[in-house]
Amino acid sequence: MTHAIEMALRLFSPKGALHEPAAGRQFNALGRDEFIGALQVAAKSNPQGLQFLMADHLGDEQALASLLTHFSATLDSDEAGGMAMAILLRRPLPEQLDHLVLCHPHYDKERRRAAVVMEKAKRAHRSGNDHEYQRLLAERNEILSLANDHCVAEMMQSGRCPHCNGTGIRPRKGDGCPKCHGTGRVVPHVELVSRRFGQEMRQAVERAVDEVIHQASDLAKVMGRHSPVDQKPLGR
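Residues numbered from 1 in each chain as written. Predicted model: local features only at pLDDT ≥ 70, side-chain atom pairs only at ≥ 80, totals over all residues. Heavy atoms only, no water.

1. A word on the overall build of the chain
Helices and strands together make up the secondary structure of the chain, namely 10 helices and two strands. The N-to-C order of helical and strand elements in the chain reads α-β-α-α-α-α-α-α-α-α-α-β. Expressed as a percentage of the 236 residues in the chain, the buried residues total 38%. The contacts in the chain between residues at least 6 apart in sequence include a share of 64% that link residues at least 24 apart. A total of about 13600 Å² of accessible surface is found on the chain, and carbon and sulfur atoms cover 51% of it. (Helix = DSSP H or I, 4+ residues; strand = E, 2+ residues; numbered from the N terminus. Buried < 20%, exposed > 50% of the residue type's maximum accessible area, 1.4 Å probe, protein only. Contact = heavy atoms within 4.5 Å. Areas by Shrake-Rupley, 256 points an atom, 1.4 Å probe, with all protein chains shown as cover.)

Rendered as C-alpha cells:
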C-alpha cells in the first residue's frame, strides 16, 4: 500500500487528528479536507473496500464490525460470515487453531515448562502425596491453558504464521516456509468452509471475499492518483 493510501486512511479514521503529516512533508494542491473528500467520493463506490483497508491496516473496530455484518448478511449465516472475515484478513479458521497453537513457539516453550511440572506431579503421586499431586497438576494445566489463550489471541491479532514466526523463512533451514508459502501470514484453509457448509457456500464465500478485495484494489488505485503529500522533503 502506498504512503498516500496509508495517510489517507489515518486522516479518515476517527483518530485522524493524531496523524497529521510529519515534519518535512506538505499537502499538495488538494489539501487535507479536499483529499478526505476525494476518499469519501471513491468510498461510495467501494464501501467494503474502504472498510477492509481500515480494518486490515488500522485495526479499526467499527470497520471490522461493519465487514462482519456485511458478510453475515450476504451469506445469510453468521458462522459463514465469520469464516469469510478470517479468509479476508488472513486469520486462522476455528478448525485450524488447535494445530496452529501446537506449532507456536510460545506454546512449545510453555509446554516444556508444563512437562517439568508434570514430572514433579508424578513423583508426588508415586510418593502418595495426593495434595501436592493435585496442586502441581492444576499448575501444569493452567500453564497450558494460558499458553493456548496467548497463542490464539496473538494469531488472531497479528495473523503471523507460527511455523516461521511471521518471517516467511523456515527456521534452521533458511528456505521459504512451506506452511505460509513465504508470506509470513497464516493461510486460511478455505476447504474447511466446504466441509462445514458444502461446495456452494464455499463458492459464495470466495465470491464475497474477492469482491471486497477488488473494491479495496480499486479504491487504492483511485487514491493513489490523488496523493496529498509532496514526497520531496522541504528545502531540497
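2. Describing the packing of aromatic side chains
Where two aromatic rings form a pair, the distance of their centres and the angle of their planes describe that pair. Tallied over the full model, the rule gives zero aromatic pairs. It is Arg196 that lies over the ring of Phe197; its NZ or CZ is 4.9 Å from the centre. (Phe/Tyr/Trp six-rings, centres within 6.5 Å; stacked < 30°, edge-to-face > 60°. Lys NZ or Arg CZ within 6 Å of the ring centre and 35° of its normal.)

3. Examining the nonpolar core
In terms of nonpolar packing, the biggest core is built from 32 residues, with Phe71 and Val205 touching the most fellow members. Breaking this core down by element, the ones donating at least two residues are helix H2 (31–45), helix H3 (47–58), helix H4 (61–75), helix H5 (78–88), helix H9 (191–197) and helix H10 (199–224). Here this core takes eight residues from H10, the largest share from any one element. With residues near it in sequence (within four places) discarded, Val205 still touches Leu75, Ala80, Ala84, Ile87 and Val193. Met118, Tyr133, Leu137 and Ala147 belong to the second-largest nonpolar core, a separate cluster that totals 18 residues. (Core = buried A, V, L, I, M, F, W, Y, C linked by side-chain atoms within 4.5 Å.)

4. Some words on the layout of surface pockets
In this structure, the largest pocket occupies an estimated 260 Å³ of space. Along its surface, the largest pocket is lined by Ala55, Asp56, His57, Gly59, Leu64, Gly82, Met85, Ala86, Leu89, Arg91, Met156 and Gln157. Of all the secondary structure elements, the ones that give two or more residues to the lining of the largest pocket are H3, H5 and helix H8 (130–158). (1 Å grid on protein atoms, 1.4 Å probe; cavity = no way out; pocket = protein on both sides within 12 Å on 5 of 7 lines; lining within 4 Å. Points joined across faces, edges and corners; volume = space filled by probe spheres on them.)

5. Section: helix H7 (residues 105–126)
The α-helix advances 3.6 residues per turn, and as a result positions three or four apart in sequence lie on the same side. Under the 1.5 Å per step criterion, the end-to-end length of H7 is 32 Å for 22 residues, consistent within 8% with the ideal 32 Å. Tyr107, Glu110, Ala114, Val117, Met118, Ala121 and Ala124 are the residues of H7 that are buried. Relative to the axis of H7, the buried residues are bounded by an arc of 115° and lie together on one face. Turned more than 90 degrees away from the buried face of H7 sit Arg112 and Arg126, all of them exposed. The inward-facing, buried residues of H7 contact helix H6 (94–103) and H8. Note on H7: the residue one or two positions beyond its end, Gly128, has a positive phi of about 85°. (Expected span 1.5 Å × (residues − 1). Arc of directions from axis to C-beta.)

6. A short note on the side chain of Gln48
Locating Gln48 in the fold gives a position in helix H3. Residue class for Gln48 comes out buried when judged on its relative accessible area of 15%. Leave out the neighbours within four places in its chain, and Gln48 touches Leu67, His70, Val212 and Gln215.

7. Details of the packing of H3 against H4
With their axes 8 Å apart at the nearest point, H3 and H4 run at an angle of 135° to one another. The pairing of H3 with H4 is recorded here as oblique in orientation. Like other packed secondary-structure pairs, H3 and H4 cross with a definite hand, here left-handed. Contacts between H3 and H4 involve Gln48, Gln51, Phe52, Met54 and Ala55 from the former and Ala63, Leu64, Ser66, Leu67 and His70 from the latter. Considering only residue class, the contact of H3 with H4 consists of six nonpolar, four polar and no charged. (Axes fitted to C-alpha atoms, helices over the stretch in contact; angles between N-to-C directions. Parallel < 35°, antiparallel > 145°, perpendicular 65-115°, else oblique. Left-handed = near helix turned anticlockwise from the far one by under 90°. Nonpolar A, V, L, I, M, F, W, Y, C, P; charged D, E, K, R; others polar.)

8. A few points about the confidence of the model for the chain
On average, residues of the chain carry a pLDDT of 83, and 78% of them reach 70 or more. The secondary-structure element of the chain with the lowest mean pLDDT is strand E2 (residues 229–230), recorded at 45, while H7 shows the highest, at 96. In this model residues 16–30 is a low-confidence stretch, pLDDT under 50, and it forms 31 contacts with partners more than four residues away in sequence or in other chains. Residue range residues 229–236 is modelled with pLDDT below 50. Its contacts to residues more than four positions away, or to other chains, number 13 contacts. (pLDDT = per-residue confidence, 0-100.)

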